[in-house]
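Structural description and commentary
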Amino acid sequence: MSDKLDAILAAARSHATNVIAPNVDAWNASKSWPRDASDKAGAAGLTGLYAPEEWGGQGLSLSEGIQVYEQLGLGDGAYAFALSMHNICTFAGCGYGTEAFKEKWARDLTSGRKLANFALTEPQSGSDPMKMYTRATINDDATWTISGSKAWVSLATEADVYFTVVKTSDAPGHKDMAMIAIPADAPGISFGPLYDTPSYNFLPMSEMYLDKVVVSEENIILSIGQGLQGSLMAIDIARVSIASGCCGLMQAALDTALSYSKNRKMFGGKNLDLDGIQWMLGEVATDLEASKLLYRKAAEALGTPEGPLMAAHAKRFVPDAAVKAANTCTQVLGGMGLLQPYGLDRLSRLAQMLRIVDGTTEISRVVIGRALQKRAASLPDLTVPRGFGEKATAPTAVAAE
Ligand SMILES: Cc1cc2nc3c(=O)[nH]c(=O)nc-3n(C[C@H](O)[C@H](O)[C@H](O)COP(=O)(O)OP(=O)(O)OC[C@H]3O[C@@H](n4cnc5c(N)ncnc54)[C@H](O)[C@@H]3O)c2cc1C
(Lines give C-alpha, C1' and ligand atoms only; values in the text may rest on other atoms or scores of the structure.)
Protein backbone atom coordinates (compact mmCIF):
# COMPACT_ATOMS: atom_id res chain seq x y z
CA MET A 1 0.00 0.00 0.00
CA SER A 2 1.36 3.44 -0.90
CA ASP A 3 2.11 5.96 1.84
CA LYS A 4 -0.45 8.27 0.29
CA LEU A 5 -3.22 5.67 0.41
CA ASP A 6 -2.22 4.79 3.97
CA ALA A 7 -2.56 8.43 4.99
CA ILE A 8 -5.94 8.86 3.27
CA LEU A 9 -7.34 5.69 4.85
CA ALA A 10 -6.13 6.84 8.26
CA ALA A 11 -7.78 10.25 7.65
CA ALA A 12 -11.04 8.52 6.65
CA ARG A 13 -10.95 6.34 9.75
CA SER A 14 -10.33 9.32 11.97
CA HIS A 15 -13.19 11.19 10.22
CA ALA A 16 -15.51 8.22 10.88
CA THR A 17 -14.49 7.92 14.53
CA ASN A 18 -14.24 11.58 15.50
CA VAL A 19 -16.65 13.39 13.20
CA ILE A 20 -19.35 10.96 11.99
CA ALA A 21 -19.96 8.42 14.76
CA PRO A 22 -20.36 10.85 17.69
CA ASN A 23 -22.69 13.13 15.71
CA VAL A 24 -24.78 11.00 13.39
CA ASP A 25 -27.78 10.73 15.75
CA ALA A 26 -27.82 14.51 16.19
CA TRP A 27 -27.57 14.99 12.41
CA ASN A 28 -30.56 12.71 11.93
CA ALA A 29 -32.54 14.56 14.56
CA SER A 30 -31.74 17.90 12.92
CA LYS A 31 -32.68 16.54 9.46
CA SER A 32 -29.95 18.55 7.84
CA TRP A 33 -26.77 17.76 5.95
CA PRO A 34 -23.72 18.38 8.19
CA ARG A 35 -21.89 20.80 5.92
CA ASP A 36 -19.26 21.44 8.58
CA ALA A 37 -18.48 17.70 8.54
CA SER A 38 -18.19 17.51 4.76
CA ASP A 39 -15.98 20.62 4.90
CA LYS A 40 -13.73 18.67 7.27
CA ALA A 41 -13.82 15.68 4.90
CA GLY A 42 -12.68 18.04 2.15
CA ALA A 43 -9.85 19.39 4.28
CA ALA A 44 -8.80 15.78 4.99
CA GLY A 45 -8.58 15.02 1.25
CA LEU A 46 -11.70 12.84 1.09
CA THR A 47 -13.61 14.78 -1.58
CA GLY A 48 -11.24 14.53 -4.54
CA LEU A 49 -10.08 10.94 -4.25
CA TYR A 50 -9.70 10.07 -7.94
CA ALA A 51 -9.19 13.56 -9.35
CA PRO A 52 -5.71 14.44 -10.60
CA GLU A 53 -3.37 16.33 -8.30
CA GLU A 54 -3.17 19.24 -10.76
CA TRP A 55 -6.83 19.97 -9.92
CA GLY A 56 -6.33 19.53 -6.19
CA GLY A 57 -7.32 15.86 -6.07
CA GLN A 58 -5.52 12.92 -4.49
CA GLY A 59 -4.84 11.16 -7.80
CA LEU A 60 -5.70 7.74 -6.36
CA SER A 61 -6.76 4.89 -8.62
CA LEU A 62 -10.35 3.71 -8.30
CA SER A 63 -9.28 0.52 -6.55
CA GLU A 64 -7.33 2.53 -3.98
CA GLY A 65 -9.84 5.33 -3.40
CA ILE A 66 -12.82 3.01 -3.04
CA GLN A 67 -11.32 1.61 0.18
CA VAL A 68 -12.04 4.98 1.81
CA TYR A 69 -15.76 4.08 2.06
CA GLU A 70 -14.98 1.01 4.15
CA GLN A 71 -13.50 3.41 6.70
CA LEU A 72 -16.29 5.98 6.39
CA GLY A 73 -18.88 3.18 6.65
CA LEU A 74 -17.65 2.53 10.19
CA GLY A 75 -19.28 5.88 11.00
CA ASP A 76 -22.30 5.90 8.69
CA GLY A 77 -23.17 4.22 5.39
CA ALA A 78 -25.41 7.02 4.08
CA TYR A 79 -22.71 9.64 4.67
CA ALA A 80 -20.19 7.34 2.93
CA PHE A 81 -22.64 6.95 0.03
CA ALA A 82 -23.10 10.73 -0.36
CA LEU A 83 -19.33 11.33 -0.43
CA SER A 84 -18.90 8.47 -2.91
CA MET A 85 -21.36 10.11 -5.29
CA HIS A 86 -19.59 13.46 -4.91
CA ASN A 87 -16.25 11.78 -5.65
CA ILE A 88 -17.62 10.04 -8.76
CA CYS A 89 -19.01 13.33 -10.11
CA THR A 90 -15.72 15.07 -9.34
CA PHE A 91 -13.84 12.29 -11.14
CA ALA A 92 -16.16 12.64 -14.16
CA GLY A 93 -15.89 16.44 -14.16
CA CYS A 94 -12.09 16.40 -13.96
CA GLY A 95 -11.78 13.54 -16.45
CA TYR A 96 -14.40 14.34 -19.07
CA GLY A 97 -15.43 17.95 -18.42
CA THR A 98 -14.43 20.83 -20.67
CA GLU A 99 -11.41 22.96 -19.77
CA ALA A 100 -13.78 25.81 -18.93
CA PHE A 101 -15.77 23.57 -16.57
CA LYS A 102 -12.60 22.38 -14.86
CA GLU A 103 -11.29 25.93 -14.47
CA LYS A 104 -14.55 26.97 -12.87
CA TRP A 105 -15.40 23.94 -10.71
CA ALA A 106 -12.57 21.42 -10.30
CA ARG A 107 -10.71 22.91 -7.34
CA ASP A 108 -13.89 23.72 -5.44
CA LEU A 109 -15.10 20.14 -5.93
CA THR A 110 -11.86 18.40 -5.02
CA SER A 111 -11.56 20.54 -1.87
CA GLY A 112 -15.17 19.86 -0.88
CA ARG A 113 -15.96 23.59 -0.81
CA LYS A 114 -18.63 22.72 -3.36
CA LEU A 115 -20.55 19.45 -3.48
CA ALA A 116 -21.81 17.54 -6.50
CA ASN A 117 -24.34 14.81 -7.04
CA PHE A 118 -25.65 12.64 -9.84
CA ALA A 119 -29.25 12.86 -11.12
CA LEU A 120 -30.35 9.96 -13.30
CA THR A 121 -33.45 8.49 -11.65
CA GLU A 122 -36.88 9.90 -12.53
CA PRO A 123 -40.25 9.24 -10.91
CA GLN A 124 -41.13 6.72 -13.64
CA SER A 125 -37.63 5.38 -14.31
CA GLY A 126 -35.48 3.82 -11.61
CA SER A 127 -34.26 0.37 -12.60
CA ASP A 128 -35.21 1.11 -16.20
CA PRO A 129 -33.32 4.30 -17.20
CA MET A 130 -34.49 3.94 -20.81
CA LYS A 131 -37.85 5.31 -19.64
CA MET A 132 -36.22 8.68 -18.96
CA TYR A 133 -38.01 11.86 -20.11
CA THR A 134 -35.83 14.80 -19.01
CA ARG A 135 -35.15 16.58 -22.27
CA ALA A 136 -32.52 19.06 -23.42
CA THR A 137 -33.01 21.23 -26.49
CA ILE A 138 -29.87 22.61 -28.07
CA ASN A 139 -30.21 26.31 -28.84
CA ASP A 140 -28.68 28.30 -31.72
CA ASP A 141 -26.10 29.80 -29.35
CA ALA A 142 -25.10 26.22 -28.30
CA THR A 143 -26.62 26.58 -24.81
CA TRP A 144 -28.93 23.75 -23.67
CA THR A 145 -32.46 24.31 -22.36
CA ILE A 146 -33.48 21.49 -20.04
CA SER A 147 -36.92 20.53 -18.73
CA GLY A 148 -38.04 17.51 -16.73
CA SER A 149 -38.16 15.92 -13.28
CA LYS A 150 -35.59 13.84 -11.47
CA ALA A 151 -36.37 11.72 -8.39
CA TRP A 152 -34.36 10.45 -5.43
CA VAL A 153 -31.78 13.19 -5.88
CA SER A 154 -29.36 12.86 -2.97
CA LEU A 155 -27.87 16.04 -1.52
CA ALA A 156 -30.94 17.78 -2.96
CA THR A 157 -30.86 21.50 -2.09
CA GLU A 158 -27.36 20.99 -0.64
CA ALA A 159 -25.20 20.14 -3.65
CA ASP A 160 -23.83 23.04 -5.68
CA VAL A 161 -24.01 21.20 -8.99
CA TYR A 162 -26.05 18.24 -10.28
CA PHE A 163 -24.56 15.95 -12.93
CA THR A 164 -27.79 15.33 -14.78
CA VAL A 165 -28.53 12.73 -17.46
CA VAL A 166 -30.80 14.04 -20.22
CA LYS A 167 -32.26 13.01 -23.54
CA THR A 168 -31.60 15.30 -26.48
CA SER A 169 -34.32 14.08 -28.85
CA ASP A 170 -37.70 12.38 -28.82
CA ALA A 171 -36.26 9.21 -30.31
CA PRO A 172 -36.61 6.14 -28.11
CA GLY A 173 -33.43 4.47 -26.83
CA HIS A 174 -30.23 5.83 -25.37
CA LYS A 175 -28.27 7.04 -28.39
CA ASP A 176 -29.28 10.64 -27.72
CA MET A 177 -28.50 10.66 -23.99
CA ALA A 178 -25.91 13.03 -22.54
CA MET A 179 -24.78 14.25 -19.13
CA ILE A 180 -24.62 17.93 -18.26
CA ALA A 181 -23.67 19.62 -14.99
CA ILE A 182 -26.47 21.91 -13.83
CA PRO A 183 -25.46 24.52 -11.21
CA ALA A 184 -27.84 24.63 -8.25
CA ASP A 185 -28.43 28.34 -8.72
CA ALA A 186 -29.50 28.08 -12.37
CA PRO A 187 -32.85 29.84 -12.87
CA GLY A 188 -35.68 27.28 -13.31
CA ILE A 189 -34.31 24.61 -10.94
CA SER A 190 -36.41 23.76 -7.89
CA PHE A 191 -36.89 20.89 -5.44
CA GLY A 192 -39.86 18.99 -4.03
CA PRO A 193 -40.40 18.31 -0.33
CA LEU A 194 -37.55 16.35 1.26
CA TYR A 195 -38.21 12.62 1.64
CA ASP A 196 -38.62 11.44 5.21
CA THR A 197 -36.18 8.58 5.92
CA PRO A 198 -35.97 7.70 9.63
CA SER A 199 -32.39 6.40 9.66
CA TYR A 200 -30.60 8.83 7.38
CA ASN A 201 -32.66 11.97 7.54
CA PHE A 202 -29.53 14.10 7.44
CA LEU A 203 -29.09 13.12 3.78
CA PRO A 204 -31.44 15.47 1.95
CA MET A 205 -33.26 13.70 -0.89
CA SER A 206 -36.10 14.91 -3.04
CA GLU A 207 -37.36 15.34 -6.56
CA MET A 208 -35.64 17.97 -8.67
CA TYR A 209 -37.69 19.96 -11.17
CA LEU A 210 -36.11 21.55 -14.21
CA ASP A 211 -38.23 24.19 -15.90
CA LYS A 212 -36.50 25.52 -19.02
CA VAL A 213 -33.14 25.64 -17.27
CA VAL A 214 -30.51 27.14 -19.58
CA VAL A 215 -26.99 25.73 -19.20
CA SER A 216 -23.80 26.61 -21.04
CA GLU A 217 -22.27 24.03 -23.39
CA GLU A 218 -19.15 24.34 -21.19
CA ASN A 219 -21.01 22.18 -18.68
CA ILE A 220 -21.40 19.15 -20.94
CA ILE A 221 -19.68 16.25 -19.17
CA LEU A 222 -20.67 13.41 -21.48
CA SER A 223 -21.57 14.30 -25.04
CA ILE A 224 -24.64 13.11 -26.91
CA GLY A 225 -24.53 9.33 -27.24
CA GLN A 226 -22.24 8.89 -24.23
CA GLY A 227 -24.81 9.67 -21.51
CA LEU A 228 -26.10 6.20 -20.73
CA GLN A 229 -22.82 4.36 -21.17
CA GLY A 230 -21.00 6.92 -19.01
CA SER A 231 -23.73 6.74 -16.38
CA LEU A 232 -23.49 2.96 -16.27
CA MET A 233 -19.73 3.26 -15.75
CA ALA A 234 -20.37 5.72 -12.92
CA ILE A 235 -22.93 3.35 -11.44
CA ASP A 236 -20.43 0.47 -11.52
CA ILE A 237 -18.02 2.60 -9.48
CA ALA A 238 -20.91 3.50 -7.15
CA ARG A 239 -21.87 -0.17 -6.73
CA VAL A 240 -18.39 -1.15 -5.61
CA SER A 241 -18.22 1.94 -3.36
CA ILE A 242 -21.44 0.84 -1.69
CA ALA A 243 -20.03 -2.64 -1.14
CA SER A 244 -16.97 -1.02 0.45
CA GLY A 245 -19.15 1.14 2.73
CA CYS A 246 -21.15 -1.97 3.70
CA CYS A 247 -17.94 -3.58 4.99
CA GLY A 248 -17.50 -0.67 7.39
CA LEU A 249 -21.12 -1.05 8.44
CA MET A 250 -20.63 -4.79 9.09
CA GLN A 251 -17.49 -4.13 11.12
CA ALA A 252 -19.36 -1.53 13.20
CA ALA A 253 -22.22 -3.97 13.84
CA LEU A 254 -19.85 -6.80 14.75
CA ASP A 255 -17.80 -4.63 17.09
CA THR A 256 -20.96 -3.41 18.87
CA ALA A 257 -22.12 -6.99 19.35
CA LEU A 258 -18.71 -8.12 20.61
CA SER A 259 -18.39 -5.17 23.00
CA TYR A 260 -21.75 -6.03 24.54
CA SER A 261 -21.60 -9.80 24.40
CA LYS A 262 -18.22 -10.11 26.15
CA ASN A 263 -19.73 -8.44 29.26
CA ARG A 264 -23.33 -9.67 29.30
CA LYS A 265 -23.58 -12.17 32.16
CA MET A 266 -25.73 -15.26 31.74
CA PHE A 267 -25.81 -18.91 32.84
CA GLY A 268 -22.79 -18.42 35.07
CA GLY A 269 -20.65 -17.03 32.26
CA LYS A 270 -20.77 -14.42 29.51
CA ASN A 271 -22.97 -14.23 26.44
CA LEU A 272 -19.88 -14.53 24.24
CA ASP A 273 -18.99 -17.84 25.95
CA LEU A 274 -22.05 -19.48 24.39
CA ASP A 275 -21.24 -21.58 21.34
CA GLY A 276 -24.41 -20.47 19.57
CA ILE A 277 -23.47 -16.81 19.96
CA GLN A 278 -19.91 -17.47 18.73
CA TRP A 279 -21.31 -19.26 15.70
CA MET A 280 -23.68 -16.40 14.89
CA LEU A 281 -20.92 -13.82 15.15
CA GLY A 282 -18.48 -16.14 13.42
CA GLU A 283 -20.74 -16.17 10.35
CA VAL A 284 -20.80 -12.39 10.37
CA ALA A 285 -16.99 -12.37 10.57
CA THR A 286 -16.68 -14.78 7.61
CA ASP A 287 -19.17 -12.79 5.53
CA LEU A 288 -17.20 -9.65 6.32
CA GLU A 289 -13.91 -11.18 5.17
CA ALA A 290 -15.56 -12.53 2.00
CA SER A 291 -17.14 -9.13 1.34
CA LYS A 292 -13.81 -7.32 1.66
CA LEU A 293 -12.15 -9.71 -0.80
CA LEU A 294 -15.03 -9.38 -3.23
CA TYR A 295 -15.33 -5.59 -3.27
CA ARG A 296 -11.55 -5.18 -3.57
CA LYS A 297 -11.44 -7.61 -6.49
CA ALA A 298 -14.38 -5.78 -8.09
CA ALA A 299 -12.60 -2.45 -7.58
CA GLU A 300 -9.52 -3.82 -9.38
CA ALA A 301 -11.74 -4.87 -12.29
CA LEU A 302 -13.33 -1.43 -12.84
CA GLY A 303 -12.44 -0.09 -16.27
CA THR A 304 -11.82 -3.60 -17.65
CA PRO A 305 -14.36 -5.73 -19.54
CA GLU A 306 -14.97 -7.65 -16.28
CA GLY A 307 -15.86 -4.45 -14.40
CA PRO A 308 -19.66 -4.43 -14.76
CA LEU A 309 -20.02 -8.11 -13.84
CA MET A 310 -17.69 -7.87 -10.86
CA ALA A 311 -19.50 -4.71 -9.68
CA ALA A 312 -22.78 -6.64 -9.94
CA HIS A 313 -21.36 -9.54 -7.91
CA ALA A 314 -20.17 -7.12 -5.21
CA LYS A 315 -23.46 -5.17 -5.15
CA ARG A 316 -25.47 -8.40 -5.05
CA PHE A 317 -23.51 -10.09 -2.29
CA VAL A 318 -22.23 -7.46 0.10
CA PRO A 319 -25.34 -5.40 0.97
CA ASP A 320 -27.24 -8.68 1.54
CA ALA A 321 -24.43 -9.79 3.85
CA ALA A 322 -24.65 -6.41 5.60
CA VAL A 323 -28.41 -6.79 6.19
CA LYS A 324 -27.79 -10.24 7.65
CA ALA A 325 -24.89 -8.95 9.77
CA ALA A 326 -26.85 -6.02 11.20
CA ASN A 327 -29.83 -8.25 12.01
CA THR A 328 -27.68 -10.98 13.56
CA CYS A 329 -25.80 -8.48 15.72
CA THR A 330 -29.12 -6.96 16.85
CA GLN A 331 -30.27 -10.46 17.84
CA VAL A 332 -27.09 -11.08 19.84
CA LEU A 333 -27.88 -8.09 22.08
CA GLY A 334 -31.40 -9.39 22.75
CA GLY A 335 -33.77 -6.56 23.66
CA MET A 336 -30.87 -4.15 24.06
CA GLY A 337 -30.18 -4.49 20.35
CA LEU A 338 -33.37 -2.57 19.65
CA LEU A 339 -32.44 0.43 21.76
CA GLN A 340 -31.29 3.55 20.04
CA PRO A 341 -27.92 4.14 21.75
CA TYR A 342 -26.48 0.91 20.33
CA GLY A 343 -27.26 2.01 16.79
CA LEU A 344 -27.92 -1.49 15.44
CA ASP A 345 -31.45 -0.74 14.30
CA ARG A 346 -30.02 2.19 12.31
CA LEU A 347 -27.45 -0.12 10.73
CA SER A 348 -30.16 -2.62 9.70
CA ARG A 349 -32.14 0.11 7.96
CA LEU A 350 -29.03 1.54 6.33
CA ALA A 351 -28.01 -1.88 5.01
CA GLN A 352 -31.47 -2.32 3.48
CA MET A 353 -31.19 1.12 1.85
CA LEU A 354 -27.82 0.11 0.39
CA ARG A 355 -29.48 -2.94 -1.23
CA ILE A 356 -31.62 -0.52 -3.26
CA VAL A 357 -29.55 2.50 -4.17
CA ASP A 358 -27.44 2.56 -7.36
CA GLY A 359 -29.14 -0.50 -8.79
CA THR A 360 -31.07 -2.94 -6.66
CA THR A 361 -29.95 -6.44 -5.71
CA GLU A 362 -32.37 -7.76 -8.33
CA ILE A 363 -30.79 -5.65 -11.08
CA SER A 364 -27.39 -7.07 -10.07
CA ARG A 365 -28.91 -10.53 -10.45
CA VAL A 366 -30.11 -9.55 -13.93
CA VAL A 367 -26.53 -8.54 -14.89
CA ILE A 368 -25.14 -11.78 -13.45
CA GLY A 369 -27.87 -13.83 -15.14
CA ARG A 370 -27.03 -12.34 -18.54
CA ALA A 371 -23.35 -13.17 -18.03
CA LEU A 372 -24.31 -16.74 -17.17
CA GLN A 373 -26.39 -17.02 -20.36
CA LYS A 374 -23.40 -15.78 -22.35
CA ARG A 375 -21.15 -18.32 -20.70
CA ALA A 376 -23.70 -21.08 -21.27
CA ALA A 377 -23.75 -20.25 -24.98
CA SER A 378 -19.98 -20.75 -25.13
CA LEU A 379 -20.09 -24.18 -23.45
CA PRO A 380 -20.61 -27.50 -25.24
CA ASP A 381 -24.19 -28.77 -25.31
CA LEU A 382 -24.98 -31.25 -22.58
CA THR A 383 -27.98 -33.34 -23.50
CA VAL A 384 -29.66 -36.16 -21.69
CA PRO A 385 -28.21 -39.63 -22.42
CA ARG A 386 -29.60 -41.44 -25.46
CA GLY A 387 -32.71 -43.41 -24.53
CA PHE A 388 -33.34 -41.44 -21.32
CA GLY A 389 -37.05 -40.87 -20.85
CA GLU A 390 -38.00 -42.60 -24.13
CA LYS A 391 -40.58 -44.73 -22.39
CA ALA A 392 -42.07 -41.88 -20.43
CA THR A 393 -45.81 -41.76 -20.75
CA ALA A 394 -47.92 -38.67 -20.88
CA PRO A 395 -49.42 -37.90 -17.48
CA THR A 396 -52.90 -39.30 -17.14
CA ALA A 397 -55.63 -37.50 -15.34
CA VAL A 398 -55.85 -38.50 -11.68
CA ALA A 399 -59.20 -40.11 -11.09
CA ALA A 400 -61.35 -38.15 -8.77
CA GLU A 401 -61.69 -39.93 -5.47
C1 LIG B 1 -31.31 6.44 -0.42
C2 LIG B 1 -31.36 6.56 -1.90
C3 LIG B 1 -30.59 7.52 -2.56
C4 LIG B 1 -30.64 7.64 -3.94
N5 LIG B 1 -29.90 8.61 -4.57
C6 LIG B 1 -29.97 8.75 -5.90
C7 LIG B 1 -29.26 9.82 -6.54
O8 LIG B 1 -28.56 10.60 -5.91
N9 LIG B 1 -29.39 9.95 -7.89
C10 LIG B 1 -30.15 9.11 -8.65
O11 LIG B 1 -30.20 9.26 -9.85
N12 LIG B 1 -30.85 8.09 -8.05
C13 LIG B 1 -30.78 7.90 -6.71
N14 LIG B 1 -31.49 6.89 -6.08
C15 LIG B 1 -32.39 6.06 -6.89
C16 LIG B 1 -32.00 4.59 -6.96
O17 LIG B 1 -30.90 4.42 -7.80
C18 LIG B 1 -33.26 3.83 -7.37
O19 LIG B 1 -34.10 3.83 -6.23
C20 LIG B 1 -32.97 2.41 -7.80
O21 LIG B 1 -32.30 2.40 -9.03
C22 LIG B 1 -34.26 1.58 -7.92
O23 LIG B 1 -35.22 2.26 -8.66
P24 LIG B 1 -36.71 2.42 -8.08
O25 LIG B 1 -36.62 2.87 -6.66
O26 LIG B 1 -37.46 3.28 -9.02
O27 LIG B 1 -37.31 0.96 -8.06
P28 LIG B 1 -38.03 0.26 -9.30
O29 LIG B 1 -37.20 0.38 -10.51
O30 LIG B 1 -39.44 0.74 -9.36
O31 LIG B 1 -38.02 -1.26 -8.83
C32 LIG B 1 -39.02 -1.81 -7.94
C33 LIG B 1 -38.63 -3.24 -7.61
O34 LIG B 1 -38.59 -4.02 -8.81
C35 LIG B 1 -37.38 -4.75 -8.83
N36 LIG B 1 -36.99 -5.03 -10.20
C37 LIG B 1 -36.71 -4.15 -11.17
N38 LIG B 1 -36.34 -4.78 -12.31
C39 LIG B 1 -36.39 -6.12 -12.03
C40 LIG B 1 -36.14 -7.31 -12.77
N41 LIG B 1 -35.75 -7.26 -14.04
N42 LIG B 1 -36.31 -8.50 -12.16
C43 LIG B 1 -36.71 -8.58 -10.86
N44 LIG B 1 -36.96 -7.48 -10.11
C45 LIG B 1 -36.80 -6.28 -10.68
C46 LIG B 1 -36.40 -3.85 -8.13
O47 LIG B 1 -35.28 -4.60 -7.71
C48 LIG B 1 -37.24 -3.36 -6.98
O49 LIG B 1 -37.25 -4.33 -5.96
C50 LIG B 1 -31.46 6.75 -4.70
C51 LIG B 1 -32.22 5.79 -4.03
C52 LIG B 1 -32.18 5.67 -2.65
C53 LIG B 1 -33.02 4.62 -1.97
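Remember, predicted model here, so these are calculated numbers, not experimental data.

**Let's talk about the overall build of the protein chain**
A tally of regular secondary structure across the protein chain gives twelve helices and ten strands. Over its C-alpha atoms, taken along the principal directions, the protein chain stretches across nearly 75 × 65 × 45 Å. For the protein chain, with 401 residues in total, the buried portion stands at 48%.

**Here's the deal with the pairing of strand β3 (residues 144-154)**
Here strand β2 (residues 135-138) runs beside β3; their pairing, made up of four bridges, is antiparallel. Paired with A136 across the two strands is I146, which belongs to β3. Here β2 folds back onto β3, and the loop between the two strands holds five residues, one of which, A142, carries a positive phi near 75 degrees. Pairing of β3 with strand β7 (residues 205-215), which is carried by eight bridges, proceeds in the antiparallel orientation. Along β7, the bridge assignment pairs I146 with V213.

**Looking at the environment of A253**
Take A253: it is sitting in helix α8 (residues 227-261). In the structure, A253 is positioned 69 residues away from A322 in sequence and 8.9 Å away in space, judged by C-alpha atoms. Setting aside residues no more than four positions away along its own chain, A253 makes contact with A325, A326, C329, L344 and L347.

**Quick word on the site of the ligand**
In the vicinity of the ligand there are 21 residues, among which G126, S127, S154, T360 and E362 approach most closely. Of all the secondary structure elements, the ones that give two or more residues to the shell around the ligand are β1 (116-119), β3, α11 (344-356) and α12 (361-378). Each residue belonging to the shell around the ligand can be placed in one class, and the counts come to twelve nonpolar, seven polar and two charged.

**Quick look at the packing of α8 against α11**
It is at 11 Å that the axes of α8 and α11 come closest, and there the two elements cross at 160 degrees. When the axis of α8 is compared with that of α11, the two are roughly antiparallel. Crossing of α8 over α11 shows left-handed handedness. Packed against α8, whose contacting residues are I242, G245, C246, L249, A252, A253 and T256, the element α11 presents L344, L347, L350, A351 and L354 at the interface. Taken together, the residues of the contact of α8 with α11 sort by class into ten nonpolar, two polar and no charged.

**A word on the environment of D6**
By the element assignment, D6 lies in helix α1 (residues 3-20). Judged by the 10 C-beta atoms lying within 10 Å of it, D6 falls in the exposed class.

**What about the domain arrangement of the protein chain?**
When the domains of the protein chain are assigned, the result is domain 1 (3-115), domain 2 (117-225) and domain 3 (228-377). Between domain 1 and domain 3, the C-alpha centre-to-centre distance is 22 Å. Every contact between the two is made by 18 residues of domain 1 and, on the other side, 22 residues of domain 3. Of the residues forming the side of domain 1 that touches domain 3, the biggest block, eight residues, is contributed by helix α6 (residues 77-96). Partitioned by chemical class, the residues of the side of domain 1 that touches domain 3 number eleven nonpolar, six polar and one charged.

**Some details on the nonpolar core**
In this structure, I180, M250, A253 and A322 are the most contacted members of the largest nonpolar core, which totals 118 residues. Apart from residues lying up to four places away in sequence, A322 is in contact with C246, L249, M250, A351 and L354.

**Things to note about helix α10 (residues 307-332)**
Two residues of an α-helix separated by three or four positions point the same way, owing to the 3.6 residues in each turn. The terminal C-alpha atoms of α10 lie 37 Å apart, and with 26 residues this matches the ideal 38 Å at 1.5 Å per residue to within 8%. The first or second residue beyond α10 is G334, which carries a positive phi of 60 degrees.

Here is what the cut-offs are and how they apply
- Residues numbered from 1 in each chain as written.
- Predicted model: local features only at pLDDT ≥ 70, side-chain atom pairs only at ≥ 80, totals over all residues.
- Helix = DSSP H or I, 4+ residues; strand = E, 2+ residues; numbered from the N terminus.
- Buried ≥ 20, exposed ≤ 12 C-beta atoms within 10 Å, placed from the backbone.
- Pairing = 2+ DSSP bridges.
- Contact = placed C-beta atoms within 7 Å.
- Near = placed C-beta within 6 Å.
- Nonpolar A, V, L, I, M, F, W, Y, C, P; charged D, E, K, R; others polar.
- Axes fitted to C-alpha atoms, helices over the stretch in contact; angles between N-to-C directions.
- Parallel < 35°, antiparallel > 145°, perpendicular 65-115°, else oblique.
- Left-handed = near helix turned anticlockwise from the far one by under 90°.
- Domains from an automatic or database assignment.
- Core = buried A, V, L, I, M, F, W, Y, C linked by C-beta atoms within 7 Å.
- Expected span 1.5 Å × (residues − 1).

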